[in-house]
Amino acid sequence: MNFTSPRRRFASAAVAGIALTGLLSACGGSGSGDDAASKSGPVTLPFWGWANGQEAVVKAFNASHKDIQLKYTKVTDQLTMQKQLTNAVKAGNAPCLVQNTAEYVTSWVSQGALADITQYVEGEKDKFNTGAWASAQVQGKLYGVPTSSAPQFTIYRTDIFKKYGLKPPATWDDFIAAGKELKKHGIKITNYAGEDPSTLEVLAMQGGAHWYSIDGDAWKVNFQDEGTLKAAKVIQEIIDNDLNAKLSFADYAAVQRSYDTGATATRQISTWQMAGMVQNFTKSFGDWALAPWPTYKGEAPKTPAGTNLTGSVTLVTEQCKNQEQAAQAALWMSTNRDAVKTMASPETGNGVMPALADSKTYVGESISQKLLGKNYEPAQKVVTDSLDTVTTDWTFGPNWTAMFTELQAGWAKVVSKEQKVTDLLAHMQQWTVKDLKSRGISVKG
């Protein structure tokens, strides 16, 4: 499905062992860094991020604020962010503000790296949509401000589907059937990168799975529940029938070329991934359309929140000496209309959907008319509808980063047919429980 770009999902920084009182412990520490206020000048807050458009947003913030200034550092990608933040936290010089995605919040909280900013931002809850607001929380406490949502949908080649008499798949059974027809003509219906198990994650989420949940004063782990097994069945059938390409994002140009030339006919993506298509395509502009995310047969529409899992967040670190000002800056970047528009546009930003309660009003700006052509207008309804069915009850465990690294290794073997999806799930059940226990974390499973 290729939900991720090269900038995401390759995190390998290990989560340090933690001593818990209950489920998580947020270690104290005032930290150092260069964000202290000068007696004769404004508070300067270091801010690390990677998204296109952030530099313009920072410039606008600094121009409109006299007492708070942001010092922006652009990090290469998500992997680099996790590594650099790990090193900075250990050295005691973490930046005040950090761009990140929802799956890493629990891990960073468990290490005591993030500040509880609930008192500074809780009054702004009504400005954000429910799913995005939840992404910045752990056990009811807020550690950052949500910046984007992640509506999910299918984008497909209308010319190819029309040529072979196919309709956009409404269910996963339809998807597999369409894949078998396209296979006769040398076309893959999707791409499974061997390093990217997010396909398994989001299909499990859609199926109602909960790999991690809180049970009393312990974590409960379940990689073999009904929802995950539904996902495994779909994925296994696609792999067994060779309906998927196996292109790695290590060669990003080759992945995009496969879509542009029609060698691969669909993707399940969010708005931000369309920017990469616009920037790399040369042949297929106007040939793409959007359709709802396929459902499991007999089930109501349910859209997984994406591997951004409700999107990105701007986190405030524990070592920041000016946490209240950092929270204010994060709120401004997520709510100022001009800033939001900058980030929503595929041209000036990352094509991300805002985290705001009225995010639907930005749909037209976050999708590409150039890519969709005459399908641009109907595509807006598909995106809008997907926002109403997004999963909001997914929980990330405190060892998510390490778990996902292990999952990656096993997924590569699944894609290469060295093992079944169910074999990987059985391994992940045992491995995750053992890993949590080794960190001193109370766990059931």
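Preceding this paragraph is the structure being described.
On a predicted model such as this, the values are computed, not experimentally measured, just so you know.

Caption draft 1: Representation of the overall build of the chain. Across its full length, the chain holds 18 helices and 17 strands. Counting all 445 residues of the chain, 58% fall into the buried class. Of the contacts formed within the chain by residues at least 6 apart in sequence, a portion of 78% connects residues at least 24 apart. Carbon and sulfur atoms form 49% of the exposed surface of the chain, whose accessible area is close to 17,000 Å².

Caption draft 2: How the structure looks around the packing of aromatic side chains. Evaluation of the coordinates by the stated rule reveals 20 aromatic pairs. The structure contains a cluster of three or more aromatic residues connected by ring pairs, namely Trp211, Tyr212, Trp219, Phe223, Trp394, Phe396, Trp400 and Phe404. A cation over a ring is seen here: Lys230 above Tyr296, with NZ or CZ 5.0 Å from the ring centre. For Lys370, the ring lying beneath its charged end belongs to Phe285, and the centroid distance is 4.5 Å.

Caption draft 3: Representation of the sheet that holds strand E11 (residues 218-221) within the structure. One open sheet accounts for three strands, arranged E10-E11-E17; its pairing is mixed. Both edges of this open sheet fall to strand E10 (212-215) and strand E17 (443-444), since each of them pairs with a single strand only. Two elements, E11 and E17, share two bridges in a ladder whose sense is parallel. By the bridge assignment, Lys220 is partnered in E17 with Lys444. Docked against the sheet, helix H18 (residues 421-438) engages E10, E11 and E17, running at close to 165° with respect to E11.

Caption draft 4: Representation of unusual backbone geometry in the model. Even without a glycine there, the phi angle at Gln139 is positive, about 50°. On the secondary structure map, Gln139 appears in the loop between strand E4 (137-138) and strand E5 (141-142). Phi angles above zero are rare outside glycine, and Lys417 is one such case at about 65°. Within the secondary structure, Lys417 is located in the loop between helix H17 (400-415) and H18. We classify Lys417 as partly exposed; its relative accessible area is 41%.

Caption draft 5: Local environment of the environment of Ile155. Following the sequence through the fold, Ile155 ends up in strand E8 (residues 153-157). Relative accessible area serves as the criterion here: at 0%, Ile155 is assigned to the buried category. Sequence separation between Ile155 and Leu290 is 135 residues, and the spatial gap between their C-alpha atoms is 4.5 Å. Excluding anything up to four places from it in sequence, Ile155 contacts Ala265, Thr266, Arg267, Ile269, Met274, Met277, Trp288, Ala289, Leu290, Leu371 and Leu372.

Caption draft 6: Region of the structure containing H17. Here H17 is 16 residues long and its end C-alpha atoms lie 22 Å apart, about the 22 Å a rise of 1.5 Å per residue gives. Directly beyond the C-terminal end of H17, a positive phi value near 65° is found at Lys417.

Caption draft 7: Spatial organisation of the nonpolar core. Core analysis: the largest hydrophobic core is formed by 56 residues, its most contacted members being Leu45, Leu70, Leu97 and Val121. The element best represented in this core is helix H12 (residues 323-335), accounting for seven residues. Residues within four places of Leu70 in sequence aside, it is in contact with Leu45, Val58, Phe61, Asn62, Leu97, Ala329 and Met333. Grouped together as the second largest cluster of nonpolar side chains are 53 residues, Tyr156, Phe175, Met205 and Trp411 included.

Caption draft 8: Structural context of the environment of Ser334. Along the polypeptide, Ser334 turns up in helix H12. Ser334 sits in the buried class, given a relative accessible area of 3%. Separated by 20 residues in sequence, Ser334 and Pro354 have C-alpha atoms that sit 7.5 Å apart. Aside from chain neighbours lying at most four places away, what touches Ser334 is Phe128, Val145, Pro146, Thr147, Val340 and Leu356. Here the side chain of Ser334 touches Pro146 through a polar contact of 2.8 Å, landing on its backbone oxygen.

Caption draft 9: Up close: the pattern of salt bridges. Counted by the stated rule, this structure contains 11 salt bridges. Linking Glu299 and Lys230 is a salt bridge whose minimum nitrogen-to-oxygen distance equals 2.5 Å. Taken together, the residues Glu299 in the loop between strand E14 (288-291) and strand E15 (312-316) and Lys230 in helix H9 (residues 226-240) connect sequence positions 69 residues apart. Judged by its relative accessible area of 34%, Glu299 is partly exposed.

Definitions and cut-offs
- Residues numbered from 1 in each chain as written.
- Predicted model: local features only at pLDDT ≥ 70, side-chain atom pairs only at ≥ 80, totals over all residues.
- Heavy atoms only, no water.
- Helix = DSSP H or I, 4+ residues; strand = E, 2+ residues; numbered from the N terminus.
- Buried < 20%, exposed > 50% of the residue type's maximum accessible area, 1.4 Å probe, protein only.
- Contact = heavy atoms within 4.5 Å.
- Areas by Shrake-Rupley, 256 points an atom, 1.4 Å probe, with all protein chains shown as cover.
- Phe/Tyr/Trp six-rings, centres within 6.5 Å; stacked < 30°, edge-to-face > 60°.
- Lys NZ or Arg CZ within 6 Å of the ring centre and 35° of its normal.
- Pairing = 2+ DSSP bridges.
- Axes fitted to C-alpha atoms, helices over the stretch in contact; angles between N-to-C directions.
- Expected span 1.5 Å × (residues − 1).
- Core = buried A, V, L, I, M, F, W, Y, C linked by side-chain atoms within 4.5 Å.
- Polar contact = N/O pair within 3.5 Å; in protein donor to acceptor, adjacent residues only side chain to side chain.
- Salt bridge = Lys/Arg side-chain N within 4 Å of Asp/Glu carboxyl O.

Without other data, these values stay purely geometric and don't point to any function.
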